[in-house]
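Coordinates in review
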Amino acid sequence: PLAHLAHMPPLAVFDQNMLQAAILAQFEFYFSRDNLARDSFLRKHMDDEGFVPIAVLQRFPRVAQLTLDPSVLVAALKGSTELEVHNFRLRRRENWQLFVLPPDKRAPPEPYDAFWPATYVMPQQPQQQQQQQQQQQ
């Protein structure tokens, strides 16, 4: 019923109901059987239980156009009959097992703050770490 919203151009202003509907439609599209069948990036980020951290999904350009606030995403997704949210992670409610890749085919877990998973922390390169240490001395 809301699938048409997943492909609509971004709107400058959403009321709260429209925003939640657009978020829900976008994520239900990402986790649809048809999309997961061909979306290797999303599948590489699934854990053993089929969950993908919202921190990963939040960086998708389409999601970033809607909101950068993970609590808004979670609130919108809790109304889904197709998706399940748990500890700032998201998966299909049914048949998620069909899409989980073997561990050796997955992307390594990305660092993010365990208390606020949507805050992505870029790993520093050794040279950057040395420069920071020198500046602190």
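Structure first, text after, so check above.
Every value quoted in this text rests on a predicted model; they were computed, and no experiment measured them. (Residues numbered from 1 in each chain as written. Predicted model: local features only at pLDDT ≥ 70, side-chain atom pairs only at ≥ 80, totals over all residues. Heavy atoms only, no water.)

**A short note on the pattern of salt bridges**
Basically, it comes down to this: Whenever a carboxyl oxygen of Asp or Glu lies within 4 Å of a side-chain nitrogen of Lys or Arg, that contact is scored as a salt bridge. Numbering goes from the N terminus for both helices and strands, where a helix is a DSSP run of H or I of at least four residues and a strand is a run of E of at least two. For the exposure calls, accessible area comes from a 1.4 Å probe over protein chains only, and a residue counts as buried if that area is under 20% of its type's maximum, exposed if over 50%, partly exposed in between.
Applying the stated criterion to the full structure yields four salt bridges. One salt bridge connects Arg106 with Asp48, and the closest N-O pair in it is separated by 2.6 Å. Highlighted residues: Arg106 in the loop between β3 (89-92) and α7 (126-136) and Asp48 in the loop between α3 (40-44) and β1 (52-53), separated in sequence by 58 residues. Using a relative accessible area of 55% as the deciding quantity, one classes Asp48 as exposed. Close ionic contact of Glu84 with Arg91 constitutes a salt bridge, the shortest N to O distance being 3.1 Å. Salt bridges sharing partners connect three or more residues here, namely Asp47, Glu49 and Arg89.

**Regarding the sheet that holds strand β2 (residues 83-86)**
For sheets, the rule is that strands pair by backbone hydrogen bonds, running either parallel or antiparallel. What counts here: Being paired, for any two strands, means DSSP has found at least two bridges between them.
Read across the open sheet, the three strands follow the order β1-β3-β2; overall the sheet is antiparallel. Here the strands that pair on one side only, and so sit at the sheet edges, are β1 and β2. The pairing of β2 with β3 spans four bridges and is antiparallel. If you follow His86 over to β3, its bridge partner there is Arg89.

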